[in-house]
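Descriptive structure summary
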Amino acid sequence: MEVRVRVFRFNPEVDRRPRYDVFTVEAEPMDRVLDLLEYIRGDIDGTLSFRRSCGHGICGSDAMRINGRNMLACKALVKNFGTNEITIEPLLGLRVLKDLIVDMEPFFEHYRSVLPYLINDEPLPEDGRERLQSPAERERFDDTTKCILCAACTTSCPSFWADGRYVGPAAIVNAHRFIFDSRDRGAAQRLEILNQQMGVWRCRTAFNCTEACPREIKITQAIAEVKRAIQTGRLD
Ligand code: SF4
Ligand code: F3S
Ligand code: FES
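Below, the structure is looked at part by part. Keep in mind that this is a model prediction, so the values were computed, not measured.

Let us look at the overall build of the chain. If you tally the helices and strands in the chain, you get 8 helices and 7 strands. By principal-axis analysis of the C-alpha atoms, the chain measures approximately 65 × 35 × 30 Å. Here the chain holds 236 residues, and the buried ones make up 48% of them. For the chain, restricting intrachain contacts to residue pairs at least 6 apart in sequence, the fraction spanning at least 24 positions comes to 63%. Measuring between centres, the 34 positive side-chain charges of the chain sit 4 Å from its 35 negative side-chain charges.

Printed below as a string of C-alpha coordinates:
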(Lines give C-alpha, C1' and ligand atoms only; values in the text may rest on other atoms or scores of the structure.)
(Ligands and ions follow the chains in the order given, each with its own letter.)
Protein backbone atom coordinates (compact mmCIF):
# COMPACT_ATOMS: atom_id res chain seq x y z
CA MET A 1 0.00 0.00 0.00
CA GLU A 2 1.01 3.57 -0.58
CA VAL A 3 1.15 5.75 2.54
CA ARG A 4 1.30 9.54 2.58
CA VAL A 5 3.48 10.50 5.54
CA ARG A 6 3.36 14.11 6.75
CA VAL A 7 6.29 14.86 9.01
CA PHE A 8 6.82 17.89 11.23
CA ARG A 9 10.10 19.57 10.37
CA PHE A 10 11.86 22.30 12.31
CA ASN A 11 15.49 23.19 12.75
CA PRO A 12 15.58 26.17 15.13
CA GLU A 13 19.11 27.01 13.95
CA VAL A 14 17.97 27.84 10.41
CA ASP A 15 14.14 27.78 10.18
CA ARG A 16 11.98 30.72 11.16
CA ARG A 17 8.94 28.49 11.60
CA PRO A 18 8.06 24.78 11.42
CA ARG A 19 6.71 23.12 8.28
CA TYR A 20 5.37 19.73 7.27
CA ASP A 21 7.13 17.65 4.62
CA VAL A 22 5.10 15.02 2.78
CA PHE A 23 6.68 11.72 1.74
CA THR A 24 4.93 9.03 -0.26
CA VAL A 25 6.14 5.66 0.93
CA GLU A 26 5.38 2.08 -0.12
CA ALA A 27 4.50 0.14 3.04
CA GLU A 28 3.17 -3.20 4.25
CA PRO A 29 0.25 -3.20 6.73
CA MET A 30 2.49 -4.77 9.38
CA ASP A 31 5.18 -2.12 8.99
CA ARG A 32 5.68 0.15 11.97
CA VAL A 33 5.73 3.93 11.81
CA LEU A 34 9.36 3.59 12.89
CA ASP A 35 10.02 1.62 9.67
CA LEU A 36 8.53 4.48 7.63
CA LEU A 37 10.75 7.00 9.39
CA GLU A 38 13.84 4.82 8.90
CA TYR A 39 13.02 4.45 5.20
CA ILE A 40 12.54 8.22 4.79
CA ARG A 41 15.80 9.00 6.60
CA GLY A 42 17.76 6.26 4.85
CA ASP A 43 16.44 6.61 1.30
CA ILE A 44 14.85 10.03 0.84
CA ASP A 45 16.03 12.67 3.31
CA GLY A 46 19.01 12.00 5.54
CA THR A 47 18.45 15.23 7.45
CA LEU A 48 15.29 13.93 9.17
CA SER A 49 15.91 13.70 12.93
CA PHE A 50 14.20 11.40 15.41
CA ARG A 51 15.20 9.27 18.39
CA ARG A 52 15.08 5.49 18.50
CA SER A 53 17.08 2.77 20.12
CA CYS A 54 15.64 -0.68 20.91
CA GLY A 55 12.91 -0.82 18.25
CA HIS A 56 10.87 -3.08 20.55
CA GLY A 57 8.95 -0.92 23.01
CA ILE A 58 11.52 -1.16 25.80
CA CYS A 59 13.81 1.89 25.75
CA GLY A 60 11.11 4.59 25.56
CA SER A 61 13.08 6.81 23.18
CA ASP A 62 10.67 7.06 20.22
CA ALA A 63 7.49 8.46 21.78
CA MET A 64 5.92 10.93 19.35
CA ARG A 65 2.52 12.19 18.23
CA ILE A 66 1.11 10.03 15.45
CA ASN A 67 -2.21 11.14 13.96
CA GLY A 68 -2.72 13.27 17.05
CA ARG A 69 -2.01 10.64 19.73
CA ASN A 70 1.12 9.97 21.71
CA MET A 71 2.60 6.55 21.05
CA LEU A 72 5.87 4.72 20.44
CA ALA A 73 6.71 4.71 16.72
CA CYS A 74 8.10 1.19 17.13
CA LYS A 75 4.75 -0.13 18.38
CA ALA A 76 2.51 1.75 15.94
CA LEU A 77 1.52 -0.52 13.03
CA VAL A 78 0.47 1.07 9.74
CA LYS A 79 -2.59 -1.20 9.51
CA ASN A 80 -4.00 0.11 12.80
CA PHE A 81 -4.50 3.67 11.54
CA GLY A 82 -7.24 2.75 9.06
CA THR A 83 -6.04 5.44 6.67
CA ASN A 84 -3.24 5.99 4.16
CA GLU A 85 -2.43 9.37 5.69
CA ILE A 86 -0.12 9.43 8.71
CA THR A 87 0.95 12.66 10.39
CA ILE A 88 3.98 12.48 12.68
CA GLU A 89 4.78 15.28 15.12
CA PRO A 90 6.97 15.77 18.20
CA LEU A 91 5.60 15.43 21.74
CA LEU A 92 3.74 18.51 22.93
CA GLY A 93 4.85 20.65 25.85
CA LEU A 94 8.61 20.16 25.45
CA ARG A 95 10.88 22.35 23.34
CA VAL A 96 11.66 21.01 19.86
CA LEU A 97 15.40 20.58 19.35
CA LYS A 98 15.03 19.36 15.77
CA ASP A 99 12.16 17.73 13.84
CA LEU A 100 10.79 14.98 16.11
CA ILE A 101 13.40 15.38 18.85
CA VAL A 102 12.34 17.30 21.95
CA ASP A 103 14.33 18.50 24.95
CA MET A 104 13.66 15.83 27.59
CA GLU A 105 15.58 17.61 30.35
CA PRO A 106 12.53 19.29 32.01
CA PHE A 107 10.85 15.87 32.03
CA PHE A 108 13.82 14.21 33.73
CA GLU A 109 14.13 17.12 36.15
CA HIS A 110 10.58 16.37 37.36
CA TYR A 111 11.45 12.69 37.53
CA ARG A 112 14.52 13.34 39.69
CA SER A 113 12.56 15.70 41.95
CA VAL A 114 10.51 12.82 43.44
CA LEU A 115 13.59 10.86 44.62
CA PRO A 116 13.04 7.83 42.36
CA TYR A 117 15.31 5.40 44.21
CA LEU A 118 15.17 3.21 47.30
CA ILE A 119 15.71 5.14 50.53
CA ASN A 120 16.55 3.05 53.59
CA ASP A 121 19.35 3.83 56.04
CA GLU A 122 18.45 1.02 58.44
CA PRO A 123 21.15 -1.64 58.87
CA LEU A 124 20.76 -4.77 56.78
CA PRO A 125 19.35 -7.86 58.52
CA GLU A 126 22.00 -9.50 60.74
CA ASP A 127 22.28 -12.57 58.59
CA GLY A 128 23.44 -10.27 55.75
CA ARG A 129 20.58 -11.28 53.50
CA GLU A 130 18.67 -8.85 51.33
CA ARG A 131 15.63 -6.96 52.64
CA LEU A 132 12.88 -9.48 52.09
CA GLN A 133 9.27 -8.75 51.13
CA SER A 134 6.27 -10.98 50.59
CA PRO A 135 4.75 -11.58 47.12
CA ALA A 136 1.78 -9.44 48.22
CA GLU A 137 4.08 -6.58 49.24
CA ARG A 138 5.86 -6.81 45.87
CA GLU A 139 2.55 -6.89 44.03
CA ARG A 140 1.50 -3.61 45.67
CA PHE A 141 3.70 -1.55 43.35
CA ASP A 142 4.14 -3.98 40.45
CA ASP A 143 2.22 -1.88 37.92
CA THR A 144 4.34 1.22 38.35
CA THR A 145 7.62 -0.70 37.94
CA LYS A 146 6.76 -1.05 34.24
CA CYS A 147 7.48 2.59 33.35
CA ILE A 148 10.06 3.11 30.57
CA LEU A 149 10.20 6.93 30.97
CA CYS A 150 8.97 7.59 27.44
CA ALA A 151 7.10 10.80 28.46
CA ALA A 152 3.98 9.90 26.42
CA CYS A 153 1.86 10.44 29.56
CA THR A 154 3.21 13.75 30.80
CA THR A 155 3.17 15.30 27.33
CA SER A 156 -0.48 14.32 26.78
CA CYS A 157 -1.62 15.93 30.04
CA PRO A 158 -3.57 19.21 29.77
CA SER A 159 -2.36 20.29 33.21
CA PHE A 160 1.25 19.91 32.04
CA TRP A 161 0.51 21.81 28.82
CA ALA A 162 -1.00 24.61 30.92
CA ASP A 163 1.99 24.79 33.26
CA GLY A 164 5.22 22.89 32.63
CA ARG A 165 6.12 23.22 36.31
CA TYR A 166 3.53 20.53 37.11
CA VAL A 167 5.57 17.48 38.12
CA GLY A 168 3.48 15.36 35.73
CA PRO A 169 2.14 11.81 35.70
CA ALA A 170 5.43 10.06 34.86
CA ALA A 171 7.14 11.49 37.94
CA ILE A 172 4.17 10.51 40.11
CA VAL A 173 4.22 6.96 38.70
CA ASN A 174 7.88 6.68 39.63
CA ALA A 175 7.26 8.12 43.09
CA HIS A 176 4.43 5.60 43.53
CA ARG A 177 6.81 2.77 42.67
CA PHE A 178 8.87 3.56 45.82
CA ILE A 179 6.20 5.06 48.13
CA PHE A 180 4.39 1.71 48.24
CA ASP A 181 7.54 -0.46 48.43
CA SER A 182 7.62 -2.05 51.91
CA ARG A 183 11.46 -1.85 51.96
CA ASP A 184 11.53 1.91 51.40
CA ARG A 185 11.60 4.57 54.13
CA GLY A 186 11.32 7.71 51.98
CA ALA A 187 7.55 7.82 51.53
CA ALA A 188 6.96 10.77 53.88
CA GLN A 189 9.62 12.82 52.08
CA ARG A 190 8.15 12.06 48.65
CA LEU A 191 4.58 12.69 49.77
CA GLU A 192 5.64 16.07 51.11
CA ILE A 193 7.18 16.93 47.73
CA LEU A 194 4.06 15.79 45.87
CA ASN A 195 1.77 17.72 48.24
CA GLN A 196 3.30 21.00 47.05
CA GLN A 197 1.65 23.41 44.63
CA MET A 198 3.03 21.73 41.50
CA GLY A 199 2.48 18.21 42.81
CA VAL A 200 -0.38 15.75 42.56
CA TRP A 201 -3.15 18.28 43.14
CA ARG A 202 -2.50 19.72 39.66
CA CYS A 203 -3.94 16.48 38.28
CA ARG A 204 -7.53 17.03 37.18
CA THR A 205 -8.18 13.35 36.40
CA ALA A 206 -8.16 13.91 32.64
CA PHE A 207 -7.08 10.28 31.97
CA ASN A 208 -5.09 11.27 28.83
CA CYS A 209 -1.99 9.87 30.54
CA THR A 210 -3.53 6.45 31.10
CA GLU A 211 -4.73 6.30 27.49
CA ALA A 212 -1.29 7.26 26.16
CA CYS A 213 0.85 4.87 28.21
CA PRO A 214 2.41 2.20 25.95
CA ARG A 215 2.97 0.01 29.03
CA GLU A 216 -0.71 0.18 29.98
CA ILE A 217 0.11 1.40 33.47
CA LYS A 218 -2.99 2.49 35.41
CA ILE A 219 -1.55 5.95 35.84
CA THR A 220 -4.64 7.83 36.97
CA GLN A 221 -5.24 5.14 39.60
CA ALA A 222 -1.64 5.42 40.80
CA ILE A 223 -2.05 9.19 41.11
CA ALA A 224 -5.28 8.68 43.09
CA GLU A 225 -3.44 6.31 45.44
CA VAL A 226 -0.73 8.89 46.05
CA LYS A 227 -3.38 11.57 46.72
CA ARG A 228 -5.08 9.24 49.20
CA ALA A 229 -1.77 8.49 50.94
CA ILE A 230 -1.20 12.23 51.39
CA GLN A 231 -4.70 12.73 52.79
CA THR A 232 -4.79 9.72 55.10
CA GLY A 233 -1.11 9.18 55.88
CA ARG A 234 -1.70 5.49 55.16
CA LEU A 235 0.32 3.37 52.72
CA ASP A 236 -1.96 0.35 52.39
FE1 SF4 B 1 5.75 6.28 29.41
FE2 SF4 B 1 3.79 5.06 30.77
FE3 SF4 B 1 6.09 5.68 31.99
FE4 SF4 B 1 4.40 7.59 31.30
S5 SF4 B 1 4.03 5.98 32.81
S6 SF4 B 1 6.61 7.64 31.01
S7 SF4 B 1 3.57 6.81 29.38
S8 SF4 B 1 5.82 4.23 30.30
FE1 F3S C 1 -3.06 14.82 33.55
FE2 F3S C 1 -3.38 12.23 33.76
FE3 F3S C 1 -4.17 13.80 35.69
S4 F3S C 1 -3.68 13.43 31.94
S5 F3S C 1 -4.75 15.67 34.65
S6 F3S C 1 -2.09 13.53 35.04
S7 F3S C 1 -5.18 11.96 35.02
FE1 FES D 1 12.80 1.75 22.03
FE2 FES D 1 10.62 2.36 20.58
S3 FES D 1 12.71 2.37 19.96
S4 FES D 1 10.76 1.98 22.71
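Attention now goes to empty space enclosed by the protein. Summed over the entire model, instances satisfying the criterion amount to 1 cavity of 30 Å³ or more. In terms of lining residues, the largest cavity is bounded by 14 residues, among which Cys147, Ile148, Cys150, Cys153 and Cys213 are the most central.

Ranked by size, the top nonpolar core spans 67 residues in total, and within it Leu37, Leu194 and Val226 carry the most contacts. No other element matches helix α5 (residues 169-179), which puts 6 residues into this core. Aside from chain neighbours lying at most four places away, what touches Leu194 is Val114, Val167, Ile172, Ala175, Ile179, Gly199, Val200, Trp201, Val226 and Ile230.

At a minimum axis distance of 9 Å, the contact between α5 and helix α6 (residues 187-194) shows a crossing angle of 155°. Classified by the angle between their axes, α5 and α6 sit roughly antiparallel to one another. For the pair α5 and α6, the sense of crossing is left-handed. Two secondary-structure elements touch here, α5 through Ile172, Ala175, Phe178 and Ile179 and α6 through Ala187, Arg190, Leu191 and Leu194.

Relative to the elements of secondary structure, Gln221 occurs in helix α8 (residues 219-232). Here Gln221 falls in the partly exposed class, since its relative accessible area comes to 44%. The spatial distance from the C-alpha of Gln221 to the C-alpha of Thr210 is 8.8 Å, given a sequence separation of 11 residues.

With respect to topology, 5 strands assemble into an open sheet ordered β2-β1-β5-β3-β4, the strand pairing being mixed. With partners counted over all chains shown, the strands left at the sheet margins are β2 (19-26) and β4 (69-72), one partner each. When the angles between neighbouring strand axes are averaged without regard to direction, this sheet yields 35°. Bridge count between strand β1 (residues 2-9) and β2: 8 bridges; the pairing is antiparallel. For Arg9, the partnering residue across the bridge sits in β2 and is Arg19.

On to the site of ligand 2, then. Near ligand 2 there are 13 residues, and of these Cys157, Cys203, Arg204, Phe207 and Cys209 occur at the shortest range. Counted by class, the shell around ligand 2 contains 8 nonpolar, 4 polar and 1 charged residues.

It is worth spelling out the packing of aromatic side chains at this point. On inspection of all chains with the given rule, the structure shows 3 aromatic pairs. For the pair Phe108 and Tyr111, a centre-to-centre distance of 6.3 Å together with 80° between the ring planes defines the contact as edge-to-face. Residue Phe108 and its partner Tyr111 are both found in helix α2 (residues 105-113); the two are separated by 3 residues, about one turn of the helix. Phe108 gets classed as partly exposed once you look at its relative accessible area, which sits at 26%. Chaining the aromatic ring pairs together yields one cluster made of Phe107, Phe108 and Tyr111.

Next up on the list: the layout of surface pockets. One number sums up the size of the largest pocket: a volume of about 260 Å³. Considering the residues around the largest pocket, the lining is formed by 14 residues, among which Asn70, Met71, Leu72, Lys75 and Ala76 are closest to the centre. Counting only elements with at least two residues in the lining of the largest pocket, the list comes to β4 and α7 (208-212). Across the lining of the largest pocket, the residue classes tally to 8 nonpolar, 2 polar and 4 charged.

Further remarks concern the pairing of β4. Judged by which residues are buried, β4 turns out to be one-sided: Asn70 and Leu72 face inward and are buried, whereas Arg69 and Met71, on the alternate face, are not. The sheet contact formed by strand β3 (residues 63-66) and β4 spans 4 bridges and is antiparallel. By the bridge assignment for β4, Ala63 is matched with Leu72. In sequence, β3 turns back onto β4 through a hairpin of 2 residues, with Asn67 there showing a positive phi of about 45°.

The rules behind these values
Residues numbered from 1 in each chain as written. Chains lettered and ligands numbered in written order. Predicted model: local features only at pLDDT ≥ 70, side-chain atom pairs only at ≥ 80, totals over all residues. Heavy atoms only, no water. Helix = DSSP H or I, 4+ residues; strand = E, 2+ residues; numbered from the N terminus. Buried < 20%, exposed > 50% of the residue type's maximum accessible area, 1.4 Å probe, protein only. Contact = heavy atoms within 4.5 Å. Lys, Arg positive; Asp, Glu negative; His and termini not counted. Charge placed at Lys NZ, Arg CZ, Asp CG, Glu CD. 1 Å grid on protein atoms, 1.4 Å probe; cavity = no way out; pocket = protein on both sides within 12 Å on 5 of 7 lines; lining within 4 Å. Points joined across faces, edges and corners; volume = space filled by probe spheres on them. Core = buried A, V, L, I, M, F, W, Y, C linked by side-chain atoms within 4.5 Å. Axes fitted to C-alpha atoms, helices over the stretch in contact; angles between N-to-C directions. Parallel < 35°, antiparallel > 145°, perpendicular 65-115°, else oblique. Left-handed = near helix turned anticlockwise from the far one by under 90°. Pairing = 2+ DSSP bridges. Near = heavy atom within 4 Å. Nonpolar A, V, L, I, M, F, W, Y, C, P; charged D, E, K, R; others polar. Phe/Tyr/Trp six-rings, centres within 6.5 Å; stacked < 30°, edge-to-face > 60°.

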